[in-house]
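# Coordinates in review
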Amino acid sequence: MNAPRPKHAELTQFAVVDDVLQVGGIALTRLAERIGHTPFYAYDRASLTARVALLREHLPPEIHLHYAMKANPMPAVVQHMASLVDGIDIASGGELRVALDTPMDPGLISFAGPGKSDADLSCAVAAGVVLNMESEAEMERLALVGKRLGITPKVAIRVNPDFELKSSGMKMGGGPKQFGVDAERVPEMLARLGQLELAFQGFHIYSGSQNLKAASLQDAHEKTFALAIRLAQHAPSPVLTLNIGGGFGIPYFPGEERLDLAAVGVNLKRLLPDVQRALPGARIDIELGRYLVAEAGVYVSRVIERKVSRGQVYLVTDGGLHHHLAASGNFGQVIRKNYPVVVGNRVRGGERETASVVGPLCTPLDLLADQMDLARADVGDLVVVLQSGAYGLSASPGGFLSHPAALEALV
Ligand SMILES: *Cc1c(COP(=O)(O)O)cnc(C)c1O
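Computed from a prediction, not measured in an experiment: that's the story for all the values here.

Here we come to the UniProt feature "active site" (unreviewed entry) in the protein chain. Here the UniProt-annotated "active site" (unreviewed entry) positions come out as Cys 362. Examined against the element boundaries, Cys 362 turns out to sit in the loop between strand S19 (352–358) and strand S20 (367–375).

In structure tokens form, the structure reads like this:
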């Protein structure tokens with residue numbers, strides 16, 4: 001008898017053929033042989049492409065789509081995304097180098113993040129990317145860098161808005177924040193900007209992340225446009241770009257429902273005419289990370305041992321939190337919940353059982369699945385964590401416990 005399975009928003013991005021998960025159109029068992037080593041992350045190229053197409057279908061054509069590459073900085077992924085989107089958002093000097101290796105026009109790459117070093121600023125100015133300034137102090141340093149290089153830096157102001165993105169997994173605007181310049185200080189900053197040798201591009205207003213509620217995003221979009229229009233009255237020159245942030249979430253846990261993308265698109269379409277009237281010629285960008293890549297990725301580890309402790313089954317695998325901190329529940333989560341997990345080479349399986357999936361680290365935090373309903377797995381089987389294309393390998397403490405690194409493949 002198959003136990004009832006916990007309900008996730010239906011995950012249909014990967015086919016299952018003969019009970020084996022297909023990633024990148026390849027049976028997982030064969031893909032594991034091809035890669036030649038577990039654990040690994042695999043990213044499905046066609047899913048990435050399809051996700052961008054879905055956004056294009058629902059968002060007005062006037063909205064430009066940027067990839068926030070901190071979600072997944074694997075160079076092959078960034079190259080592929082660069083061929084699909086209208087810009088890349090970076091947040092470090094390392095990300096800058098990867099982004100500059102793509103064919104993306106540097107003028108469509110924008111660099112946010114607090115604490116940029118003078119070296120970061122120089123590289124970015126020399127490359128011709130747009131700097132989203134996080135403070136007045138950064139603006140003064142940028143002007144000096146520009147003078148030294150004899151290049152006028154392209155700058156936007158990252159605004160810490162005077163509102164919050166409601167029901168967000170992670171709030172990054174509103175109240176006191178290390179990000180951006182408080183909205184009420186921006187008029188004064190714009191006056192100073194006008195005195196410096198800086199090419200003003202516009203505003204970057206990012207309020208939060210991992211939001212599944214269309215109504216919250218609609219509310220944030222309305223307030224973001226209103227704020228930008230208000231601030232633009234103080235700008236030394238017309239607003240050329242307005243980055244309205246992103247924050248589109250994906251379902252990770254049982255009971256979570258997909259974001260109603262159509263509703264977000266309809267609302268943007270409604271708001272656009274007023275913005276276009278107030279800021280004629282301004283390009284409007286949305287920046288998305290996880291929404292573009294998370295569902296296209298899987299993390300795959302192999303069962304090393306089946307262990308029963310006082311009646312509970314533990315599948316001990318060669319993968320764990322050192323590669324996938326988020327799935328272990330330790331990446332900023334308040335309450336640990338299971339990511340969707342399946343046994344990739346027997347998805348439905350014959351017998352089913354309740355099992356926990358753990359890694360090889362000597363800490364109880366190393367838990368990939370806590371008492372989940374899974375197909376009965378044996379040594380050698382492949383355990384798959386779904387929804388793993390964002391904040392996976394690069395967001396995990398790879399050095400912790402000195403186990404081998406995971407591989408990554410774009411398939
Ligand atoms: C992290 C971040 C993003 C991406 O967030 P997602 O939740 O992955 O979409 C976008 N913009 C900025 C400024 C960020 O810091």
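There's plenty left to go through after this.
Here we take up the pattern of salt bridges. A complete count under the given rule lists 19 salt bridges for this structure. Notably, a salt bridge pairs Asp 373 with Arg 352, separated by 3.1 Å at the nearest N-O pair. Here Asp 373 is found in strand S20, whereas its partner Arg 352 is found in strand S19, with 21 residues between them in sequence. Note on Arg 352: relative accessible area 11%, which makes it buried.

Attention now moves to the packing of helix H6 (residues 136–149) against helix H7 (residues 186–193). The geometry of H6 relative to H7 is characterised by a closest axis approach of 11 Å and an angle of 10° between their N-to-C directions. With respect to H7, the axis of H6 lies roughly parallel. Residue-level inspection shows Glu 136, Met 139 and Glu 140 of H6 in contact with H7, the latter providing Met 189, Arg 192 and Leu 193. For the contact of H6 with H7, a count of residues per class yields three nonpolar, no polar and three charged.

A separate point is the nonpolar core. Ranked by internal contacts, the top residues of the largest apolar core, which has 108 residues, are Tyr 67, Ile 157, Phe 203, Phe 248 and Leu 292. For this core, the element with the highest residue contribution is helix H8 (residues 214–232), accounting for eight residues. A domain-level breakdown of this core finds at least three residues from each of domain 1 (9–44 + 295–410) and domain 2 (105–288). Discounting chain neighbours no more than four positions away, the residues touching Tyr 67 are Asn 72, Val 77, Val 78, Met 81, Val 85, Gly 87, Ile 88, Asp 89, Leu 288, Gly 289, Leu 292 and Val 293. Counting 19 residues, the second largest nonpolar core, distinct from the first, contains Leu 21, Leu 28, Ile 35 and Leu 382.

For the rest of this paragraph, the subject is helix H9 (residues 261–278). In a regular helix each residue adds 1.5 Å, so 18 residues correspond to 26 Å; H9 covers 26 Å between its end C-alpha atoms and thus fits that length. Remark: the principal bend of H9, roughly 35°, maps to Leu 272, with a proline, Pro 273, within the next four residues. Within the span of H9, buried status applies to Leu 261, Val 264, Gly 265, Asn 267, Leu 268, Leu 271, Leu 272 and Val 275. Those residues of H9 that are buried lie in contact with helix H2 (45–58), strand S5 (63–68), H8, strand S15 (283–288) and helix H10 (290–293).

Attention now goes to the site of the ligand. The environment of the ligand is made up of Ala 68, Lys 70, Arg 158, Met 172, His 204, Tyr 206, Ser 209, Glu 287, Leu 288, Gly 289, Arg 290 and Tyr 391. In the model, a nitrogen atom of the ligand is placed 2.9 Å from a nitrogen or oxygen of the Glu 287 side chain. At 2.8 Å from an oxygen atom of the ligand is found a main-chain nitrogen or oxygen belonging to Arg 290. In isolation the ligand exposes 390 Å². Once the protein is present, 93% of that is buried.

The next subject is the UniProt feature "domain: Orn/DAP/Arg decarboxylase 2 C-terminal" (unreviewed entry) in the protein chain. Sites flagged by UniProt as "domain: Orn/DAP/Arg decarboxylase 2 C-terminal" (unreviewed entry) map to residues 41–389. Each end of residues 41–389 is marked by a C-alpha atom, and these two atoms are 8 Å apart; helix forms 31% of the span and strand 26%.

Attention now goes to the confidence of the model for the protein chain. For the protein chain, per-residue confidence averages 95 on the pLDDT scale, and 98% of positions sit at 70 or higher. Taken as a whole, residues 1–6 scores under 50 in pLDDT and shows 12 contacts with residues more than four places along the chain or in a different chain.

By the secondary structure assignment, Asp 44 is in the loop between strand S4 (40–43) and H2. For the buried Asp 44, no salt bridge exists, and the shortest N-O distance to an oppositely charged side chain is 7.9 Å, to Arg 45. A distance of 2.8 Å separates the side chain of Asp 44 from the backbone nitrogen of Ser 47, its partner in a polar contact. Once residues lying within four places of it in the same chain are set aside, the contact partners of Asp 44 are Phe 14, Val 23, Gly 24, Gly 25, Ala 296 and Val 411.

Here we take up the pairing of strand S17 (residues 312–317). One ladder, built from six bridges, connects strand S16 (residues 297–309) with S17; its direction is antiparallel. Note on S17: the bridge partner recorded for Val 308 is Val 313. Two successive antiparallel strands, S16 and S17, enclose a turn made up of two residues, where Arg 310 displays a positive phi of approximately 45°.

Each value, and the rule that gives it
- Residues numbered from 1 in each chain as written.
- Predicted model: local features only at pLDDT ≥ 70, side-chain atom pairs only at ≥ 80, totals over all residues.
- Heavy atoms only, no water.
- UniProt positions renumbered as here; feature names shortened; annotations may be inferred.
- Helix = DSSP H or I, 4+ residues; strand = E, 2+ residues; numbered from the N terminus.
- Salt bridge = Lys/Arg side-chain N within 4 Å of Asp/Glu carboxyl O.
- Buried < 20%, exposed > 50% of the residue type's maximum accessible area, 1.4 Å probe, protein only.
- Axes fitted to C-alpha atoms, helices over the stretch in contact; angles between N-to-C directions.
- Parallel < 35°, antiparallel > 145°, perpendicular 65-115°, else oblique.
- Contact = heavy atoms within 4.5 Å.
- Nonpolar A, V, L, I, M, F, W, Y, C, P; charged D, E, K, R; others polar.
- Core = buried A, V, L, I, M, F, W, Y, C linked by side-chain atoms within 4.5 Å.
- Domains from an automatic or database assignment.
- Expected span 1.5 Å × (residues − 1).
- Bend = angle between axes of the 7 residues up to and from the residue.
- Near = heavy atom within 4 Å.
- Polar contact = N/O pair within 3.5 Å; in protein donor to acceptor, adjacent residues only side chain to side chain.
- Areas by Shrake-Rupley, 256 points an atom, 1.4 Å probe, with all protein chains shown as cover.
- pLDDT = per-residue confidence, 0-100.
- Lys, Arg positive; Asp, Glu negative; His and termini not counted.
- Pairing = 2+ DSSP bridges.

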